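One-letter residues, chain by chain:
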Amino acid sequence: MSKKINTAILFFAILLTYSCTTTADISKYYLENQKILDSIQHSYNEQYRQRPFSIQFTDKTFTNVSIEIFTDTLKYIYEFIISEARMKDTLLKYSLPVAGINILISQMASIHCTWINNLDYYVNNKKKSLIYMSIRAKHFNYPFTNEKYYILTYFLQPQYYDVEGRLLDRRYRKKIRKINEDVFKRITDKVAYTISDRFR
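Notes on the structure follow. Since we're looking at a predicted model, the values are computed, not measured. (Residues numbered from 1 in each chain as written. Predicted model: local features only at pLDDT ≥ 70, side-chain atom pairs only at ≥ 80, totals over all residues. Heavy atoms only, no water.)

1. A closer look at the sheet that holds strand β5 (residues 126–135)
Pairing is antiparallel in the open sheet, where eight strands are placed in the order β3-β2-β1-β4-β5-β6-β10-β9. Since the sheet does not close on itself, it has two edges, and those belong to β3 (75–81) and β9 (185–186), each with one partner. Judged from the six bridges that link them, β5 and strand β6 (residues 149–155) form a sheet pairing that is antiparallel. Bridge assignment links Ile135 to a residue of β6, and that residue is Tyr150. Against the sheet, helix α2 (residues 85–93) contacts β2 (64–70) and β3, and its axis sits at roughly 155 degrees relative to β3. The sheet contacts of helix α3 (residues 98–110) involve β1 (53–57), β2 and β4 (113–123), and relative to β1 the element is tilted by about 40 degrees. (Pairing = 2+ DSSP bridges. Helix = DSSP H or I, 4+ residues; strand = E, 2+ residues; numbered from the N terminus. Contact = heavy atoms within 4.5 Å. Axes fitted to C-alpha atoms, helices over the stretch in contact; angles between N-to-C directions.)

Structure representation (structure tokens):
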């Protein structure tokens, strides 16, 4: 019986430590990797303007990549092993910059970024967009907990946050804005984060 009690105490102690250190871990991670994170965001934004697309790594070794390519009417999904010839052919077919996409994929793999996409949201009935990045990193996962993803959102304009640093709906100011049902917190005026068990 005492073994079970000790196990339960250990479990809750780990959860408490996790909740207390998560924000510090994320802030530290962002500061340590800000240059490459901002580079990924900028590169993706520039290339997205040429043709809407998203990139997802489909394995934990970051050797298989899925690319969703959007046309005016359809979405095409392709899966490749990194640097295989048919990936280049596919990118050229849709007028996407091969060198730029390869650099983007390499940068994403280097920081375990599993997915990047452009998401729409609305402010005063006007469509806005943000860049959504999912990152799998071992130091965000703890024993007895499900695997978590560190989600970063890059906004084009400064956002509003409450006193606890939670992202607010700009229209109402006091209303918490959720993205994919998750509450986000401030890193900078234009960058917010959350921890989620979903990468997209």
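2. Some details on the packing of aromatic side chains
One pass over the structure, following the stated rule, counts 11 aromatic pairs. Centroid distance Tyr44 to Tyr48: 5.5 Å. Interplanar angle 45 degrees. Geometry classified as tilted. Remark: Tyr48 and Tyr44 occur in helix α1 (residues 2–48); sequence separation between them is four residues, near one turn of the helix. Taken together, the ring pairs in this structure connect Tyr76, Tyr78, Phe80 and Tyr94 into an aromatic cluster. (Phe/Tyr/Trp six-rings, centres within 6.5 Å; stacked < 30°, edge-to-face > 60°.)

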